[in-house]
Amino acid sequence: MGYDGTMRLLVTGAAGFIGTNFVRQALGAGEGRGRDVARLVAVDLLTYAGNLANLADLMTDPRFRFERRDIADRDAMTQLLREEQVDVLVNFAAESHVDRSIVDQAPFLHTNVHGTLALLEAARDAGGIRRFLQVSTDEVYGSIADGHATEDWPARPSSPYAASKTAADAFVQAYATTFGVPAVITRCSNNYGPYQFPEKLIPLFVTNALDGQPLPLYGDGQNVRDWIHVSDHCAALWHVLDLPDADGRVWNVSAANERPNRAVTEAILDLTERPRDLVRHVADRPGHDRRYALDASRLVATGWAPRWTFERGLADTVEWYRTHRPWWEAVKSGAYRDYYRAMYEDRLRESVGTRGD
């Protein structure tokens, strides 16, 4: 059944990129209208990509509570669900960067698989959950040579990250079938927008361009991604929560904005008024999927539609990073600098003489 009343939400990964935007939208502090939320419990372990500053202005909202917890702690999650009488659980918590999953798979197994399983068990233990929303990814389908992946497309994960999300989705579907957990899965294309940690392509390239630093573009730059503004994704999640017949189903979410990475890079350089010779073609990552493309017609048929064009959304995103320099300068310090050196500096040195033109 759909959710048709005042919600008592528990949102995991709430201080990350998409979680932040969802929480802010829920409480009327972000793009889009507020929701009928009586209570919102935000859970985040505040690992490298979680930023409590994203939620700082919500701390005085009497509906809001923040808890620094590991979602893989089943007992802690059960206690929170019972204590707050939660009836809607939205799971954003995930390790999500493919490059990091190639270097070290253990955090992806812990959070994405064991964490999701612990949440499912906690939902059963606590009782009272009317909807369990698992936020997943188009990467479970793997690279799409032709056409667009529907919800019935076979899972063919290419990276350890995608494999971990595929496993998590399988557990959610199994718990819906075996134990009757009122679960639903959404699989979304590449998000962009405010508050995104600058390891992903758009925020990394925007912030580097604003600083006049090289843009390390993998391979030939012709890998295609299907882009959606984060506020459209969040609106789609609210729409799915409201659907009366969503339980046990998968819902693809896409704004049908396919772009080669090179074209996105050039658009960023134009918006930041930087020269094309900032582009550095660097060695491709292993197993790099060539194209992602989703068929979201199942969701669109229920009345949802994206509001942001890619051109307007990218311009708005560039302006957000331009006017929020203190936010991303703080993020791109310390451990981030060590990670950036490890991931890109050797590749950038090897790219000398292969600048974009």
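As the structure is a prediction and not an experimental result, all values here were calculated from the model.

The rules behind each value
- Residues numbered from 1 in each chain as written.
- Predicted model: local features only at pLDDT ≥ 70, side-chain atom pairs only at ≥ 80, totals over all residues.
- Heavy atoms only, no water.
- Buried < 20%, exposed > 50% of the residue type's maximum accessible area, 1.4 Å probe, protein only.
- Helix = DSSP H or I, 4+ residues; strand = E, 2+ residues; numbered from the N terminus.
- Pairing = 2+ DSSP bridges.
- Core = buried A, V, L, I, M, F, W, Y, C linked by side-chain atoms within 4.5 Å.
- Contact = heavy atoms within 4.5 Å.
- Axes fitted to C-alpha atoms, helices over the stretch in contact; angles between N-to-C directions.
- 1 Å grid on protein atoms, 1.4 Å probe; cavity = no way out; pocket = protein on both sides within 12 Å on 5 of 7 lines; lining within 4 Å.
- Points joined across faces, edges and corners; volume = space filled by probe spheres on them.

1. Overview of the pairing of strand E2 (residues 37-43)
Regular strands have side chains that alternate between both faces of the sheet. Counting buried positions along E2 yields six of seven residues, so the element is predominantly enclosed. Across six bridges, the pairing between strand E1 (residues 7-12) and E2 is parallel. Of the residues in E2, the one forming a bridge with valine 11 is alanine 42. In this sheet, strand E3 (residues 64-67) lies alongside E2 in parallel orientation, the contact comprising four bridges.

2. Description of the nonpolar core
Ranked by internal contacts, the top residues of the largest apolar core, which has 40 residues, are Leu9, Phe22, Val23, Leu40, Phe64 and Val90. It is helix H7 (residues 230-242) that provides the largest number of residues to this core, a total of seven residues. Setting aside residues up to four positions removed in sequence, leucine 40 forms contacts with Leu9, Val11, Val23, Ala26, Leu27, Arg63, Phe64 and Arg65. With 28 residues, the next largest nonpolar core counts Ile71, Leu81, Ile144 and Leu294 among its residues.

3. A closer look at the sheet that holds strand E9 (residues 224-229)
With mixed pairing, three strands are arranged side by side in an open sheet as E7-E9-E11. Unpaired on one side and paired on the other, strand E7 (190-192) and strand E11 (258-260) mark the two borders of the sheet. Neighbour-to-neighbour, the strand axes of the sheet open up by a mean angle of 50°, direction not taken into account. By the bridge criterion, three bridges tie E7 to E9 in an arrangement that is parallel. Of the residues in E9, the one forming a bridge with asparagine 190 is tryptophan 227. On top of the sheet, H7 reaches E7 and E9; it is set at about 70° to E9, its chief contact. Across the sheet, helix H8 (residues 261-272) lies against E9 and E11, angled at about 85° from E11, the strand it touches most.

4. Re empty space enclosed by the protein
This model, assessed by the stated rule, comprises one cavity of 30 Å³ or more. Of the pockets and cavities examined, the largest cavity occupies roughly 50 Å³. Contributing to the lining of the largest cavity are Val98, Glu139, Ser158, Ser159, Arg285, Pro286, Gly287, His288, Asp289 and Tyr292.

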